[in-house]
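Chain by chain, the residues:
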Amino acid sequence: MELFSEERSAEVVAASFVDTPDPRLNQLMTALTRHLHAFVKEVELTEDEWAFAVDYLTRTGQLCDDVRQEFILLSDVLGVSMLVETINHRTGGASTESTVLGPFHMVQSPPRALGDTIALDGKGEPCLVSGQVTGPDGEPLPGALVDVWQANEEGFYDVQQPGIQPENNLRALFTADEQGRFWFRSIVPRYYPIPDDGPVGQLLAATARHAYRPAHLHFIVTAPGYRPVTTHVFVADSPYLDSDAVFGVKESLVRDVPEVDDPARAAEVGLPNPFRTLTFDLTLRRLE
Ligand SMILES: [Fe+2]
């Protein structure tokens, strides 16, 4: 075996993986070694910086439990989560673009009927959300399942405010009608900060970055025979659309949420007048 040297460090370590039985693991470890060593050489990492990094990753792990995943958050703010998501869900323009799942889909969404309200505490600016789920040729997907969850008008999910928000507030699982259509009553969500009281928050502060995500509703839409889509729809007039802390915004996912001032229409949909409307149609690809 070749002895370790500064010049050939990556090659020497990569060679130690040569007998890895799993070819994919071999590829991953070889490439990881190459990039890690190139990084250390490029910045000429000091021993203090190395020790800080070890301590930082240790603290990141120690903050993780059943409801807090600081490593995913770290991946999110480094753009790695979005990159993995984007590489694995290339649409070629043929379907609704995906974006990160995020950390707040931690409970099963309660089934509700089309037209129901998901704003159980009635707080916030009323909004009618509707759309149609279709396949790539525009064929409606009857019975498509539309799983939605969103933050309230103060930017918090129900699971972040137990005892303050009703359980299952602003969450639902809808079954689309025979035309693939869905509609429900909600409120306009607010932008919010990702949890910033841990190592990830320290990183953001040290690099003069903010922790905010622009206002959005989460969707997971599924239909038999089609590829599921995990995505958000973003509110067009929200702050932070151009600086999402986790890089989740795609232009195709931004929608205007115009106000409707029409007492008859408001009475028809069961909302106070005036109210806002958000239309989000989704297209799924066929499973190959
Ligand atoms: Fe979210």
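Owing to the predicted nature of the structure, the values given are computational and were not obtained by experimental measurement.

S.K.: Even after reading the chapter, I still don't get the overall build of the protein, so can you show me in this structure?
M.R.: A count of helices and strands for the protein gives 7 helices and 12 strands. Along the first, second and third principal axes, the C-alpha set of the protein runs to 80 × 45 × 30 Å. Here the protein holds 22 positive side-chain charges and 43 negative ones, and the gap between their average locations is 4 Å.

S.K.: What exactly am I supposed to notice about the packing of helix 4 (residues 70-77) against helix 6 (residues 199-206) here?
M.R.: Between two packed helices, both the angle of their axes relative to each other and the distance between the axes serve to describe the pair. It is the contact of helix 4 with helix 6, at a shortest axis distance of 9 Å, that shows an interaxial angle of 25 degrees. Taken as axis vectors, helix 4 and helix 6 run roughly parallel relative to one another. Residues Glu70, Leu73, Leu74 and Val77 of helix 4 pack against Pro199, Val200, Leu203 and Leu204 of helix 6.

S.K.: Honestly, the side chain of Arg112 in this entry has me stumped. Any pointers?
M.R.: Mapped onto the elements of the fold, Arg112 is located in the loop between helix 5 (80-88) and strand 1 (126-134). Among buried charged residues, Arg112 stands out as having no salt bridge; its nearest opposite-charge side chain is Asp116, 5.8 Å away. Polar contacts involving the side chain of Arg112 include one to the main-chain carbonyl oxygen of Arg171, which spans 2.9 Å. Not counting residues up to four positions away in its chain, the partners in contact with Arg112 are Thr117, Ile118, Leu120, Asn168, Arg171, Ala172, Leu173 and Phe174.

S.K.: When you look at the environment of Pro126 in this model, what are you seeing that I'm missing?
M.R.: Structurally, Pro126 can be placed in strand 1. Residue Pro126 is classed as buried on the basis of its relative accessible area of 17%. Through-space distance from the C-alpha of Pro126 to that of Pro272 is 7.2 Å; in sequence the pair is 146 residues apart. If we ignore the near neighbours within four places in the chain, the residues touching Pro126 are Ser186, Ile187, Leu271, Pro272, Pro274, Phe275 and Arg276.

S.K.: I'm lost on the sheet that holds strand 8 (residues 229-235) in this one. Help?
M.R.: Taken in spatial order, the 5 strands of this open sheet run 3-2-7-8-9, and their pairing is mixed. The open sheet terminates on both sides in strands that have one partner only, identified here as strand 3 (171-175) and strand 9 (254-255). Sheet analysis places strand 2 (residues 145-150) next to strand 7 (residues 216-222), joined by 6 bridges and oriented antiparallel. Bridge pairing in strand 7 links Trp149 to His218.

S.K.: Can you help me understand helix 6 in this one?
M.R.: A turn of α-helix holds 3.6 residues, and therefore any two residues three or four places apart point the same way. Within the span of helix 6, buried status applies to Pro199, Val200, Gly201 and Leu204. On its buried side, helix 6 packs onto helix 3 (47-62) and helix 4. A positive backbone phi angle near 55 degrees is found at Ala208, which sits one or two residues after helix 6.

S.K.: Honestly, the pattern of salt bridges in this entry has me stumped. Any pointers?
M.R.: Two side chains with opposite charge may pair up if their charged atoms get near one another. Inspection of the entire model under this criterion finds 12 salt bridges. In this structure, Arg286 and Asp137 form a salt bridge, with 2.8 Å as the shortest nitrogen-oxygen distance. One end of the pair, Arg286, is in the segment after strand 12 (282-283); the other, Asp137, is in the loop between strand 1 and strand 2, with 149 residues separating them in the sequence. Judged by relative accessible area, which is 36%, Arg286 ranks as partly exposed. Arg171 serves as the salt-bridge partner of Asp158, at 2.7 Å between the closest nitrogen and oxygen. Here Arg171 lies in strand 3 and Asp158 lies in the loop between strand 2 and strand 3, a separation of 13 residues in the sequence. For the pair Asp158 and Arg171, one class covers both residues: buried.

S.K.: Quick question: what am I supposed to make of a nonpolar patch on the surface here?
M.R.: Residues Phe39, Val40, Val43, Leu45, Trp50 and Val54 make up a contiguous nonpolar surface patch of roughly 520 Å² in combined accessible area. Counting residues per element, the nonpolar patch draws most heavily on helix 2 (residues 23-43), which supplies 3 residues. Of note, Val54 is situated in helix 3.

S.K.: Teacher, can you tell me more about the nonpolar core here?
M.R.: Note on soluble globular proteins: their nonpolar side chains tend to be buried together. With 33 residues, the main nonpolar core has Val133, Val146, Val148, Phe184, Phe219, Leu278 and Leu284 as its most contacted residues. Sort the elements by how many residues they give to this core and strand 8 lands first, with 4 residues. Residues in contact with Val146, not counting those within four places in the same chain, are Val133, Ala172, Leu173, Phe174, Phe182, Phe219, Ile220 and Val221. Membership of the second largest hydrophobic core comes to 12 residues, among which are Leu73, Val77, Ile194 and Ala245.

S.K.: Please explain the coordination of the iron ion as it appears in this structure.
M.R.: A four-donor tetrahedral metal ideally has 109.5 degree angles, and a six-donor octahedral metal ideally has angles of 90 or 180 degrees. In the first shell of the iron ion, the protein supplies Tyr157 (OH), Tyr192 (OH), His216 (NE2) and His218 (NE2), at 2.0 to 2.1 Å from the metal. Of note is the iron ion, whose 4 donor atoms meet at the metal with angles of 91 to 158 degrees in an arrangement that counts as irregular. For the iron ion, all donor residues lie on one chain, and their spacing in sequence is Y-x34-Y-x23-H-x1-H. Here Tyr157, found in the loop between strand 2 and strand 3, pairs with His218, found in strand 7; they are 61 residues apart in sequence, far enough to count as distant. There is no split in this pair, since Tyr157 and His218 are both buried.

Criteria and cut-off values
Residues numbered from 1 in each chain as written. Predicted model: local features only at pLDDT ≥ 70, side-chain atom pairs only at ≥ 80, totals over all residues. Heavy atoms only, no water. Helix = DSSP H or I, 4+ residues; strand = E, 2+ residues; numbered from the N terminus. Lys, Arg positive; Asp, Glu negative; His and termini not counted. Charge placed at Lys NZ, Arg CZ, Asp CG, Glu CD. Axes fitted to C-alpha atoms, helices over the stretch in contact; angles between N-to-C directions. Parallel < 35°, antiparallel > 145°, perpendicular 65-115°, else oblique. Contact = heavy atoms within 4.5 Å. Buried < 20%, exposed > 50% of the residue type's maximum accessible area, 1.4 Å probe, protein only. Salt bridge = Lys/Arg side-chain N within 4 Å of Asp/Glu carboxyl O. Polar contact = N/O pair within 3.5 Å; in protein donor to acceptor, adjacent residues only side chain to side chain. Pairing = 2+ DSSP bridges. Patch = residues over 30% accessible without salt bridge, like charges linked within 9 Å, V, L, I, M, F, W, Y side chains within 5 Å. Areas by Shrake-Rupley, 256 points an atom, 1.4 Å probe, with all protein chains shown as cover. Core = buried A, V, L, I, M, F, W, Y, C linked by side-chain atoms within 4.5 Å. Donors = N, O, S within 2.8 Å, 3.2 Å for Na, K, Ca; no water. Tetrahedral: all angles 85-135°; square planar, octahedral: opposite > 155°, others 65-115°.

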